[in-house]
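Residue-level structural notes
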Amino acid sequence: MSDNAAAPAPEVEKKPSPPPELKRSWGDEAEEEDDKLPPPPSPIGEGPSKSEVSELDIETLKIDESKKKVNEFLEEPEDSTIEAVTTGETPYTSAATFEELNLSPELLKGLYVEMKFEKPSKIQAISLPMILTPPYKDLIAQAHNGSGKTTCFVLGMLSRVDPLIKAPQALCICPTRELSIQNIEVLEKMGKYTGITFECAVPVDSGSEKFNRNPVFAQVVIGTPGTIKRWMSQRKLSVQEMKVLVFDEADHMLAKDGFQDDSLRIIRDIRKAQRNAQVLLFSATFDENVKNFVSKVVHDYNQLFVKKEELSLESVKQYKVFCPDEQIKIRVIGERILELGEKLGQIIIFVNSKKSASMLHTALVELGYEVTTIHGALNHEDRDKIVKEFKDNLTKVLISTDVLARGFDQQRVNLVINFDLPIKYDNTEQPPGRRVPREPHFEVYLHRIGRAGRFGRKGAVFNLIMTETDRVLMEKIERYFDSPVTEVPSWKSEEDFAVALKSAGLL
DNA sequence: AAAAAAT
């Protein structure tokens, strides 16, 4: 099951010595540490960029006097990107240090020693008091990609668990098995000294999952909707002691074309047993529709939002390349980008369909490039293996469907390629026969490019534009985020790509 | 028409 080896809580150690300067180049790191992740660039949570760190000085949150009031965050003006709305009488004070949060010494040790955190990142400073202060209100929290959302809710879950109660008390639901596993790994690390038990609720391939699995005693459960629902309906997962329910990628989990039905059902069942269970919704994106809907799902809630124009597009340099046909798109990837080989970090190439993934995989392999591919039609074992190889830096180029668009965290990825632009398919309620012009999927676009430039590192995206439709989609994306995408003048020019990557800080 | 999860 999990980490039960509760070491007798040693003294919480003093903060670790200041982190190494992060001036070394990406390539250097990759060569030196084939096996390990490079050290995080900053000790601040999953922290903001370095520049942000130095000026980060979180002030007291305003106490809301009336029913519902908007607190513009009292950061330096240029830094005031997070807007908080609180309800009720509870005053919240932004946490400048982890000590202020009344965490257990064991949990603090995990933060300092295992996670190498020094003080809360901005989103953590603001959201953690809201999560941890009674009465435990629901929360809708939006924050930038790679800004430390995961650590927020993992820390939230760990600190709300009563170590003495050996039953599930916190549940986190994620859209994919990959994200569930990743989140479990964070929880394991952060909670290492707490002795809090956990289990990952994702489907397993073969017969290893017996007909009659044992009831879950783990205190924290993280997994995908189907498996969690099954465990609940089979009475293997008790919700009697449930205190916290987290939805990672909450906008997708509650979207009609996402996991809305499953999610609502799980919320309902938990609330039936525990009326006051706290519901936490986290995502980098909440479009207006979803925002409206989710506000009906949560009860008395606080919220944190970021303007879409300010959502993480700064650290990732965006490019578009016009390619006459599909063959050229493939050649651009091979001859213009993958040729640069060792000079680049890891790369994810996003496609819109499994078919597209297989096609591209075959084509690139035929051209002699080493790539691996992941999508939902592979068996679970293979998926896990491909992700593990990529995370261990054993493979450099990963072709993926949107299964990895959200949340996937691999710090060495600094380049994303959109072989296909993300499209919305849910043009629902159209009169028959009427074709609606294709819309880009803005949220997916943002999530995809958020795979590069994690933690304020440099990153770039190449959007391969082939048809007139692509061109229009690209324009809409630029307009939506109010962020121009630089054109690579000619797909034929190696120089043009080198210039682009240099300017993005990757070469 | 897509993807994902799972039945």
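If you're wondering where the values come from, they're calculated on a predicted model, not measured in any experiment.

1. A look at the protein's contact with DNA strand B
Around DNA strand B, 21 residues are found, and the nearest of them are Pro203, Thr227, Ser353, Lys354 and Gly376. Sugar plus phosphate, as a fraction of atoms of DNA strand B within 4 Å of the protein: 66%. A distance of 2.5 Å is found between a phosphate oxygen of DNA strand B and a side-chain nitrogen or oxygen belonging to Thr227. Between Gly376 and DNA strand B, the recorded distance is 2.5 Å, taken from a backbone N or O atom to a phosphate oxygen. No other element matches the three residues that helix α7 (residues 225–233) contributes to the surface near DNA strand B. Counted by class, the surface near DNA strand B contains five nonpolar, 10 polar and six charged residues.

2. Here we look at the confidence of the model for chain A
Scored by pLDDT, chain A comes out at a mean of 83, with 80% of its residues at no less than 70. Confidence over residues 1–80 falls short of pLDDT 50; this stretch has 161 contacts with residues more than four positions distant or in other chains.

3. Things to note about the pattern of salt bridges
Within the structure shown, the criterion is met by 23 salt bridges. Here Asp402 ties to Arg448 by a salt bridge, and the two come within 2.8 Å at their closest N and O atoms. Note that Asp402 is positioned in the loop between β13 (397–400) and β14 (413–418) and Arg448 in helix α14 (residues 442–449), a separation of 46 residues in sequence. A single network of salt bridges, built from pairs that share partners, joins Arg265, Arg268, Asp269 and Lys272.

4. Here we look at the UniProt feature "domain: DEAD-box RNA helicase Q" (unreviewed entry) in chain A
Here, the residues flagged by UniProt with the feature "domain: DEAD-box RNA helicase Q" (unreviewed entry) are residues 96–125. Counting secondary structure, residues 96–125 comes out at 47% helix and 0% strand; the distance between its end C-alpha atoms is 6 Å.

5. Quick word on the sheet that holds strand β11 (residues 346–350)
An order of β12-β13-β11-β14-β15-β10-β16 is seen for the seven strands of this open sheet, with the pairing classed as parallel. Lying at the two open borders of the sheet, with one neighbouring strand each, are β12 (372–374) and β16 (486–488). Each adjacent strand pair in this sheet contributes to an overall mean axis angle of 25°, direction not counted. Direction of pairing for β11 relative to β13: parallel, over a ladder of four bridges. Within β13, the position partnered with Phe350 by the bridge is Ser400.

6. Points about the packing of aromatic side chains
Under the counting rule described, the total for this entry stands at 11 aromatic pairs. Their ring planes at 85° and their centres at 4.9 Å tell us that Tyr480 and Phe481 sit as a pair that is edge-to-face. Exposure remark for Tyr480: the relative accessible area of 25% places this residue in the partly exposed category. Given a relative accessible area of 3%, Phe481 falls into the buried group. The cationic tip of Arg160 hangs over the ring face of Tyr136; the distance from NZ or CZ to the ring centre is 3.4 Å.

7. Let's talk about the pairing of β14
Extensive coverage of β14 is indicated by the burial of six of its six residues. Direction of pairing for β11 relative to β14: parallel, over a ladder of five bridges. Residue pairing in the sheet places Ile349 in a bridge with Ile417 of β14. In the sheet, β14 pairs with strand β15 (residues 459–465) via four bridges, with the strands oriented parallel. By the bridge assignment for β15, Leu415 is matched with Ala460.

Definitions and cut-offs
- Residues numbered from 1 in each chain as written.
- Chains lettered and ligands numbered in written order.
- Predicted model: local features only at pLDDT ≥ 70, side-chain atom pairs only at ≥ 80, totals over all residues.
- Heavy atoms only, no water.
- Near = heavy atom within 4 Å.
- Polar contact = N/O pair within 3.5 Å; in protein donor to acceptor, adjacent residues only side chain to side chain.
- Helix = DSSP H or I, 4+ residues; strand = E, 2+ residues; numbered from the N terminus.
- Nonpolar A, V, L, I, M, F, W, Y, C, P; charged D, E, K, R; others polar.
- pLDDT = per-residue confidence, 0-100.
- Contact = heavy atoms within 4.5 Å.
- Salt bridge = Lys/Arg side-chain N within 4 Å of Asp/Glu carboxyl O.
- UniProt positions renumbered as here; feature names shortened; annotations may be inferred.
- Pairing = 2+ DSSP bridges.
- Axes fitted to C-alpha atoms, helices over the stretch in contact; angles between N-to-C directions.
- Phe/Tyr/Trp six-rings, centres within 6.5 Å; stacked < 30°, edge-to-face > 60°.
- Buried < 20%, exposed > 50% of the residue type's maximum accessible area, 1.4 Å probe, protein only.
- Lys NZ or Arg CZ within 6 Å of the ring centre and 35° of its normal.

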